[in-house]
Amino acid sequence: MEIGFAKVGTPAIAFEISKGNLKFSGTLRKFSRYLIELEAKITGDLDVPCDVCAEAFTHAVNESVKFHLSDGLSKVENESLEDIVEIEDSMIDLKELFESELELYKSNYFTCSECKNSD
Ligand SMILES: [Zn+2]
């Protein structure tokens, strides 16, 4: 699902995409001249390996994310925001953003219920 940068204004545009058992849903809203604010939730089931025993288990995801998109970082060098993601060709690729947020989420530390209980 791709949305042109220029198409996003106020009010916000709602989106929802899914991948397997996971859902990425939220809104895109014009934040400033060269920035769009993305506010979303990642929900669903994710299979991850336990960081203690390495057994795979299903982890319930309920994660809120919020960051800003820019269609050219050079234009926003005066903005004091740290969470800016640069997009290419003035197109917001929600699938790609979802994938990178998922990768980031997977780098968290996970403990299966058995290891959690044996502490
Ligand atoms: Zn474990």
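Residues numbered from 1 in each chain as written. Predicted model: local features only at pLDDT ≥ 70, side-chain atom pairs only at ≥ 80, totals over all residues.

Caption draft 1: Quick peek at the overall build of the protein chain. Within the protein chain, the secondary structure is distributed over two helices and seven strands. Going from the N terminus to the C terminus, the protein chain shows its helices and strands as β-β-β-β-β-β-β-α-α. Each principal axis of the C-alpha distribution contributes one length, and for the protein chain these read about 50 × 25 × 20 Å. Burial status across the protein chain gives 11% buried among its 119 residues. For the protein chain, contacts bridging at least 24 residues in sequence account for 47% of all contacts bridging at least 6. (Helix = DSSP H or I, 4+ residues; strand = E, 2+ residues; numbered from the N terminus. Buried ≥ 20, exposed ≤ 12 C-beta atoms within 10 Å, placed from the backbone. Contact = placed C-beta atoms within 7 Å.)

Caption draft 2: Layout of the sheet that holds strand β5 (residues 56–70). Spatially, five strands are ordered β2-β3-β4-β5-β6 in an open sheet, and the strand pairing comes out mixed. Whereas interior strands pair on both sides, the edge strands pair on one side only; in this sheet they are β2 (13–19) and β6 (84–86). Pairwise comparison of adjacent strand axes, ignoring direction, gives a mean angle of 35 degrees for this sheet. With three bridges joining them, β5 and β6 adopt parallel strand pairing. (Pairing = 2+ DSSP bridges. Axes fitted to C-alpha atoms, helices over the stretch in contact; angles between N-to-C directions.)

Caption draft 3: Structural detail: unusual backbone geometry. Cis geometry is adopted by the peptide bond preceding Pro-11, which originates at Thr-10 and carries an omega value of 5 degrees. Looking at the element boundaries, Pro-11 is found in the loop between β1 (2–4) and β2. At Ala-54, a residue that is not glycine, the phi angle is positive and equals roughly 70 degrees. Using a count of 9 C-beta atoms within 10 Å as the deciding quantity, one classes Ala-54 as exposed. Backbone geometry at Asp-89 places phi at a positive 55 degrees, although glycine is not the residue there. By the secondary structure assignment, Asp-89 is in the loop between β6 and β7 (91–93).

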